[in-house]
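Residue strings, one per chain:
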Amino acid sequence: MIEIAIDGTSASGKGTLAKKLSEKYSIPHLDTGLMYRKVASEILKDKGNNLKNILELSCKIARTLNFENLQNKELRTEDTAKIASEIAVFPSLREILNLKQLEFVNKSNEQFGGCVLDGRDIGTKILPNASFKFFIDASIEIRAKRRLLEKNITFLHENDEKCMLQNLIKNMVERDNIDKSRPEAPMVAAKDAYIIDTTAINADELLSIATNIIEGNLTKN
Ligand code: DC
């Protein structure tokens with residue numbers, strides 16, 4: 001059985017690595033950030049909500065969440081990401097989503113002999129005994145540039161691009177701070193995680209580093 005835990009900052013390359021490892025080893029992949037984003041996007045749709053009932057509302061949405069409705073463009077917006085990070089501080093919401101993640105892990109291990117999960121607390125909380133743990137990070141400038149490229153926007157003026165990049169940097173720094181400093185399951189590298197900086201490497205190079213680690217260790221045992 002092979003369980004792979006991938007944590008790290010947004011746009012560090014952790015999601016792409018998770019997808020590629022899932023394909024390479026034919027094991028299911030769960031992007032746990034999408035679960036928080038899904039709850040956030042439902043909150044944003046509910047215009048009548050106020051901050052008082054946001055905890056109750058997020059838990060209600062989380063209880064009925066299933067894995068099929070996590071592929072949606074609206075989950076990728078900056079507004080959704082901001083709310084996702086804000087609600088991710090609620091321990092009772094995390095408890096509901098953690099149970100769903102563990103259900104996915106058990107089912108995948110049984111049916112496919114393993115799984116890959118990516119998020120913020122996979123190596124520390126969800127899969128503490130994972131076969132391999134990775135923590136992926138990169139410089140804030142590179143991460144913001146990658147996010148901007150994903151958005152596929154054509155800018156008429158260079159200044160507009162610079163301005164959007166600055167905004168992305170600001171938003172990402174804010175979210176990193178919330179994710180790192182929350183008391184419950186903060187974003188932190190597990191003690192036994194391989195820490196990889198992707199500032200100067202691309203997705204294929206990252207995959208190659210990760211598979212070398214995995215296969216090097218697999219032949220050792
Ligand atoms: O990976 P992402 O950017 O899609 O995640 C969005 C937010 O969800 C992130 O800012 C924090 C939260 N999150 C979390 O707290 N724990 C996880 N395992 C995954 C995501």
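Small disclaimer: the values here were computed from a predicted structure and weren't measured.

Peer 1: Any chance you could explain the layout of surface pockets here in plain terms?
Peer 2: Leftover empty space is mapped by rolling, across the atoms, a probe with the size of a water molecule. Within this model, the largest pocket holds a volume of roughly 1,000 Å³. The wall of the largest pocket is formed by 43 residues, among which Lys 14, Gly 15, Asp 31, Arg 76 and Asp 118 lie closest to the centre. Per-element tally for the lining of the largest pocket: the top contributor is helix H2 (residues 32–45), with 5 residues. Tallied by class, residues from the lining of the largest pocket come to 14 nonpolar, 14 polar and 15 charged.

Peer 1: Explain helix H8 (residues 158–181) here, please?
Peer 2: Owing to its 3.6 residues per turn, the α-helix aligns residues three or four sequence positions apart on the same side. End to end, H8 covers 35 Å across 24 residues, agreeing with the expected 34 Å (1.5 Å per residue, within 8%). Along H8, the residues classified as buried are Leu 165, Leu 168, Ile 169, Met 172, Arg 175, Asp 176 and Asp 179. Buried-residue contacts for H8 involve helix H4 (78–87) and helix H7 (140–151).

Peer 1: Explanation requested: the packing of H2 against helix H3 (residues 54–63) in the structure shown.
Peer 2: Helices that pack against each other are described as a pair by the angle of their axes relative to one another and the distance between those axes. Two numbers describe how H2 lies on H3: the axes approach to 9 Å, and their chain directions differ by 120°. Overall, the two elements H2 and H3 adopt an arrangement that is oblique. At the point where H2 passes H3, the crossing takes the right-handed sense. Of the residues in H3, those touching H2 at Val 39, Glu 42 and Ile 43 are Ile 54, Leu 57, Ser 58, Ile 61 and Ala 62. Considering only residue class, the contact of H2 with H3 consists of 6 nonpolar, 1 polar and 1 charged.

Peer 1: Would you explain the pattern of salt bridges in this entry?
Peer 2: Oppositely charged side chains can pair when the atoms bearing their charge come close. Per the counting criterion, the structure on display carries 17 salt bridges. Here Asp 121 and Arg 94 are joined by a salt bridge, their closest N and O atoms 2.9 Å apart. A residue pair is termed long-range when its members are at least 10 positions apart, and Asp 121 in the loop between strand S3 (114–119) and helix H6 (122–126) and Arg 94 in helix H5 (residues 91–112) qualify at 27 residues. With respect to class, Asp 121 is no different from Arg 94; both count as buried. Here Arg 143 and Asp 176 are joined by a salt bridge, their closest N and O atoms 2.9 Å apart. Of this pair, Arg 143 sits in helix H7 while Asp 176 sits in helix H8; the two residues are 33 residues apart in sequence, bridging distant segments of the chain. Residues Arg 143 and Asp 176 agree in their burial class; the two are buried.

Conventions adopted
Residues numbered from 1 in each chain as written. Predicted model: local features only at pLDDT ≥ 70, side-chain atom pairs only at ≥ 80, totals over all residues. Heavy atoms only, no water. 1 Å grid on protein atoms, 1.4 Å probe; cavity = no way out; pocket = protein on both sides within 12 Å on 5 of 7 lines; lining within 4 Å. Points joined across faces, edges and corners; volume = space filled by probe spheres on them. Helix = DSSP H or I, 4+ residues; strand = E, 2+ residues; numbered from the N terminus. Nonpolar A, V, L, I, M, F, W, Y, C, P; charged D, E, K, R; others polar. Expected span 1.5 Å × (residues − 1). Buried < 20%, exposed > 50% of the residue type's maximum accessible area, 1.4 Å probe, protein only. Contact = heavy atoms within 4.5 Å. Axes fitted to C-alpha atoms, helices over the stretch in contact; angles between N-to-C directions. Parallel < 35°, antiparallel > 145°, perpendicular 65-115°, else oblique. Left-handed = near helix turned anticlockwise from the far one by under 90°. Salt bridge = Lys/Arg side-chain N within 4 Å of Asp/Glu carboxyl O.

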